[in-house]
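Chain by chain, the residues:
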Amino acid sequence: MNIWFAADIPEGSYGGVARSMHELGAGLKHRGHSVTIITREATGSKNYLTFALKLSIRFLLSGRNRPDWIIARSTDGVFCALIIRLLRLKTGTILHNHGWEEKVYRLEKKLSRVVVSTPTTWKSTLLRFPLLGLMLRICTYCMSGTVNEIRYIRDRHPQVKNKLIYVPNGTDTQPDGYWKDRDEYPPNFLSVGNLTWKKNISHTIRVFSLIKEQLSDARLFCIGTGADDTTLQNHTNVNMEGIKNISSVTFEDMKEWYGRCPFMISSSRYEGGHPLAILEAMSFGILVFASKIASNKEIIDDGLNGYLITGSDMENDADSIFNKLTQGTNRKVRMNALETARRNLWSRQITRLEKILCRNR
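The following refers to the structure shown. (Residues numbered from 1 in each chain as written. Predicted model: local features only at pLDDT ≥ 70, side-chain atom pairs only at ≥ 80, totals over all residues. Heavy atoms only, no water.)

### Examining the overall build of the protein
Basically, it comes down to this: Helix numbering and strand numbering both begin at the N terminus, where a helix is a DSSP run of H or I of at least 4 residues and a strand a DSSP run of E of at least 2. Here the globule rule reads 2.2 Å times residues to the power 0.38, and the radius of gyration is calculated from C-alpha atoms. When a residue's accessible area, from a 1.4 Å probe over protein chains only, is under 20% of the maximum for its type it is buried; when over 50% it is exposed; and in between it is partly exposed. Residues are treated as being in contact if the distance between any of their heavy atoms lies within 4.5 Å. Per-residue accessibility takes into account occlusion by the displayed protein chains alone, with areas from the Shrake-Rupley method and a 1.4 Å probe. None of His or the chain ends enter the tally, which takes Lys and Arg as positive and Asp and Glu as negative. By convention, charge coordinates are those of NZ in Lys, CZ in Arg, CG in Asp, or CD in Glu.
The number of helices and strands found in the protein is 15 helices and twelve strands. Relative to a compact globule of 361 residues, whose C-alpha radius of gyration would be 21 Å, the protein shows 21 Å and is just as compact. Structurally, the protein occupies a C-alpha span of about 65 × 45 × 35 Å along its principal axes. The buried share of the protein, taken over its 361 residues, is 54%. Taking the intrachain contacts of the protein between residues at least 6 apart in sequence as the baseline, contacts between residues at least 24 apart amount to 72%. Only carbon and sulfur atoms are counted for the fraction: they give 49% of the accessible area of the protein, which is about 16,700 Å². Computed over 50 positive and 35 negative side-chain charges, the inter-centroid distance for the protein is 11 Å.

### Comments concerning a nonpolar patch on the surface
Condition: Nonpolar side chains (Val, Leu, Ile, Met, Phe, Trp, Tyr) within 5 Å and like charges within 9 Å form the patches, drawn only from residues with over 30% relative accessible area and no salt bridge. The term salt bridge refers to a side-chain nitrogen of Lys or Arg lying within 4 Å of a carboxyl oxygen of Asp or Glu.
Judged by side-chain polarity, Leu53, Ile57, Leu60, Leu61, Leu86 and Leu87 come together as a nonpolar surface patch covering roughly 650 Å² of accessible area. Secondary-structure elements contributing two or more residues to the nonpolar patch are helix H3 (48-60) and helix H4 (78-87). When residues of the nonpolar patch are assigned to their parent elements, the largest contribution, three residues, is made by H3. A residue is classified by how much of its surface remains accessible, and Ile57, at 42% relative accessible area, is partly exposed.

### So, the pairing of strand E7 (residues 188-192)
The test is simple: Pairing between strands requires that DSSP locate at least two bridges from one strand to the other. Seen with its strands pointing away from the viewer, a crossover is right-handed if its path from the first strand over the helix to the second goes clockwise.
Of all five residues in E7, four are buried, a share of seventy percent or more. In this sheet, strand E8 (residues 219-223) lies alongside E7 in parallel orientation, the contact comprising five bridges. Across the sheet, Val192 pairs through a bridge with Ile223, a residue of E8. Each parallel crossover has a hand, and for E7 linked through helix H8 (residues 201-214) to E8 it is right-handed. Pairing of E7 with strand E10 (residues 263-266), which is carried by two bridges, proceeds in the parallel orientation. Bridge pairing links Leu190 to Met264 in E10.

### Details of the side chain of Asn169
Going by this rule: Whenever a nitrogen or oxygen atom comes within 3.5 Å of another N or O atom, the pair is scored as a polar contact, on the condition that within protein one atom can donate a hydrogen and the other can accept it, and that pairs from neighbouring residues in sequence are kept only if both atoms are in side chains.
The topology assignment puts Asn169 in the loop between strand E6 (164-166) and E7. Residue Asn169 is classed as buried on the basis of its relative accessible area, which comes to 15%. Here His274 takes part through its backbone oxygen, which lies 2.9 Å from a polar atom of the side chain of Asn169. Residues in contact with Asn169, not counting those within four places in the same chain, are Ser20, Gly273, His274, Leu276, Leu279, Asn344, Trp346 and Gln349.

### Quick look at the pattern of salt bridges
The full count for this structure, using the stated rule, is eleven salt bridges. As a salt-bridge pair, Asp8 and Arg40 come within 2.9 Å of each other at their nearest N and O atoms. Note that Asp8 is positioned in the loop between strand E1 (2-6) and helix H1 (16-30) and Arg40 in helix H2 (residues 40-43), a separation of 32 residues in sequence. Of the charged contacts in the structure, one is a salt bridge between Glu339 and Arg342, with a shortest N-O distance of 2.8 Å. Of this pair, Glu339 and Arg342 both sit in helix H14 (residues 330-342), separated by three residues, roughly a single helical turn. When its relative accessible area of 35% is taken as the criterion, Glu339 is described as partly exposed. Among the ionic contacts, a cluster of salt bridges with common partners joins Arg19, Glu23 and Glu280.

### Considerations on the packing of aromatic side chains
The following threshold applies: Note on aromatic contacts: the rings of Phe and Tyr and the six-membered ring of Trp form a pair at centre separations within 6.5 Å, being stacked when their planes are under 30 degrees apart, edge-to-face when over 60 apart, and tilted otherwise.
Evaluation of the coordinates by the stated rule reveals 13 aromatic pairs. Centre to centre, the rings of Trp69 and Tyr141 are 6.0 Å apart; their planes meet at 25°, and the pair counts as stacked. Residue Trp69 is located in strand E3 (residues 69-73), and its partner Tyr141 is located in strand E5 (residues 141-144); the two are separated by 72 residues in the primary sequence. Residue Trp69 shares its accessibility class with Tyr141, and that shared class is buried. Pairing Phe189 with Phe208 gives two aromatic rings, centres 6.0 Å apart and planes at 65°, and the pair type is edge-to-face. Here the residue Phe189 occupies a position in strand E7, and Phe208 occupies one in helix H8, the gap between them amounting to 19 residues. Residue classification places Phe189 among the buried positions, given a relative accessible area of 0%.

Below is the structure:
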């Protein structure tokens, strides 16, 4: 089959959308399918509307190389889906849901404006949300990465319940598990994510600062913040002692950081899929402390393969993490984390997607 993955993101992005497209695309290509990944640079677009429009033009001009499937993020494939409907073409379209935007907006409205530095604009509510609803109605399938997202869409749009499919994020195995059999663990903590209200990095840093008061040699590595040290300092307004900021890291270089940090703190307020960084950390046997949001609770069973924290109460979270750093049960938790990672391999998710793509072909 000929498959297009499309998203209005930079070609060199190291975010979750890019990772998902590349991993699923590479897996399908390895299994003999033709795969093309189309990003912002490939269309020369300046915003999501021009990207969607130029993608549809590319589709019309594809001729004999017309794809069997277009898997496009959010509204990025809406004009392609319209053309396919109008011309009754055989190409299938999949709305790749990396976080249902209307749901995000509802959560955003509950937060203080001080917290939400880049709120959803009125243009999105008037234009993007209706286009998203249109794409949901006319696509072949809507692919979500969590059961919670599927339930949310099903409850709000029951007429499309038969279109909803589940293909979560995955990870690769680490044969030695790295951290599973260590006798000692350096007090190095890992945080992965940018400075958005969704990732809630400021809470992680504040929690770490309280831990460091009790554990002087503790260190926190903030990976992928997308910000310089000054911006990160201004964002958190706390003492940055023991904290190292790495604004951007390639997919391949992340292995170095998983190998340096036996502990991870993730304070996200929202994740549109199972967090890639958490799954990858678990594959290394890292002890993960993650906020108890729906997406995290689908992969973390508190006290069994990781630990859930509030993500909002600094003192509570700091005490909870500190008290678990030396528990003898943590080796078992790390082993269970490895098993969770092995049940969520990319190969398994690629098989899920391939079965769906081949269903009507």
